[in-house]
Amino acid sequence: MNGQWDFTIGLRETRDLYLLLMREKWRGGILGFGAAGALTAVLYTGELGLSPPLRAAAVLAGAGLVMLLAWAALTLSTAARVRGQLRRSGRESYVQQTRIDGFGVHVTVGKDQARLGFDKLARVRETRRAFYLFIAGSQAWILPKGQMEEGDCARIRELFRSVIERGRLKLAEPAFSNKKK
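The paragraphs below set out a description of the structure included in this document.

1. Topic: a positive patch on the surface
Taken together, Arg12, Arg23, Arg27, Arg128 and Lys170 make up a surface patch of like positive charges. Considering every element that reaches the positive patch, the biggest residue donor is helix H1 (residues 11-46), with three residues. Mapped onto the elements, Arg128 comes out in the loop between strand E5 (123-126) and strand E6 (130-136).

2. Things to note about the sheet that holds E6
With mixed pairing, four strands are arranged side by side in an open sheet as E7-E6-E5-E8. The two strands at the open ends of the sheet, each matched to only one other strand, are strand E7 (139-144) and strand E8 (169-170). Across the sheet, H1 touches E5, E6 and E7, and the angle it forms with E6 is around 70°. Against the sheet, helix H3 (residues 152-163) engages E5, E6, E7 and E8, with an angle of about 35° to E6.

3. Comments concerning the nonpolar core
Judged by nonpolar contacts, the single largest core of 30 residues is most densely connected at Leu143 and Phe160. Looking at this core element by element, the count peaks at five residues for E6. Beyond its immediate stretch of four places on either side in the chain, Leu143 contacts Phe7, Gln96, Thr98, Ile100, Arg129, Ala130, Phe131, Leu133, Met148 and Ile156. If you look at the next biggest cluster of nonpolar residues, it comprises five residues, including Leu19, Met22, Ala70 and Leu74.

4. Regarding the layout of surface pockets
The computed volume of the largest pocket comes to approximately 520 Å³. Looking at the largest pocket, it is lined by 22 residues, and the ones nearest its centre are Tyr18, Arg91, Tyr94, Ala140 and Trp141. Grouping the amino acids of the lining of the largest pocket by side-chain chemistry returns 12 nonpolar, eight polar and two charged.

5. Looking at the pattern of salt bridges
Here the structure, examined in full by the defined rule, presents 10 salt bridges. Its salt-bridge partner being Arg129, residue Asp16 comes within 3.0 Å of it at the nearest N-O pair. Of this pair, Asp16 sits in helix H1 while Arg129 sits in the loop between E5 and E6, and the two are 113 residues apart along the sequence. We classify Asp16 as buried; its relative accessible area is 13%. For Arg129, a relative accessible area of 32% translates into the label partly exposed. Because the salt bridges share partners, they merge into one network encompassing Arg15, Asp16 and Arg129.

Analysis parameters
- Residues numbered from 1 in each chain as written.
- Predicted model: local features only at pLDDT ≥ 70, side-chain atom pairs only at ≥ 80, totals over all residues.
- Heavy atoms only, no water.
- Patch = residues over 30% accessible without salt bridge, like charges linked within 9 Å, V, L, I, M, F, W, Y side chains within 5 Å.
- Areas by Shrake-Rupley, 256 points an atom, 1.4 Å probe, with all protein chains shown as cover.
- Salt bridge = Lys/Arg side-chain N within 4 Å of Asp/Glu carboxyl O.
- Lys, Arg positive; Asp, Glu negative; His and termini not counted.
- Charge placed at Lys NZ, Arg CZ, Asp CG, Glu CD.
- Helix = DSSP H or I, 4+ residues; strand = E, 2+ residues; numbered from the N terminus.
- Pairing = 2+ DSSP bridges.
- Contact = heavy atoms within 4.5 Å.
- Axes fitted to C-alpha atoms, helices over the stretch in contact; angles between N-to-C directions.
- Core = buried A, V, L, I, M, F, W, Y, C linked by side-chain atoms within 4.5 Å.
- Buried < 20%, exposed > 50% of the residue type's maximum accessible area, 1.4 Å probe, protein only.
- 1 Å grid on protein atoms, 1.4 Å probe; cavity = no way out; pocket = protein on both sides within 12 Å on 5 of 7 lines; lining within 4 Å.
- Points joined across faces, edges and corners; volume = space filled by probe spheres on them.
- Nonpolar A, V, L, I, M, F, W, Y, C, P; charged D, E, K, R; others polar.

Written as structure tokens, this is what we have:
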């Protein structure tokens, strides 16, 4: 497969990448906040003499509420931080020329060029909105699906399935998959 695209990477695409990284990093922490919320509900509902079903509902509600608040706070702070960094950089968007061929991924941004073989990609992650080709732990080339032609996503997905080992590959299932589960 050979493909070439000019992607415009702006606030939305950058924010989505950093929100993905935040979700991956804080998944366990959010569960910990939920456990703390549940424990708080256990301690406070014990004094009220509630029936076991009502107490269980209060514990679940406490856990869910604290998890939701923590998730919202992290999401809002991450989005604000990305917006501020882009504003300070003076470059709120850029064009990323991307070419994928049998030798790997070639990316040009302005005068900077990079080429990486498929075996050198740290990992490949697909979400509803984009493919992320990680060149390091928190650095990735972004391939926004909304800027691709019909059929490009399926071709890219198939290519990555054939050249990236499963442990470094996490692809989303297509919305209209005919595969049996």
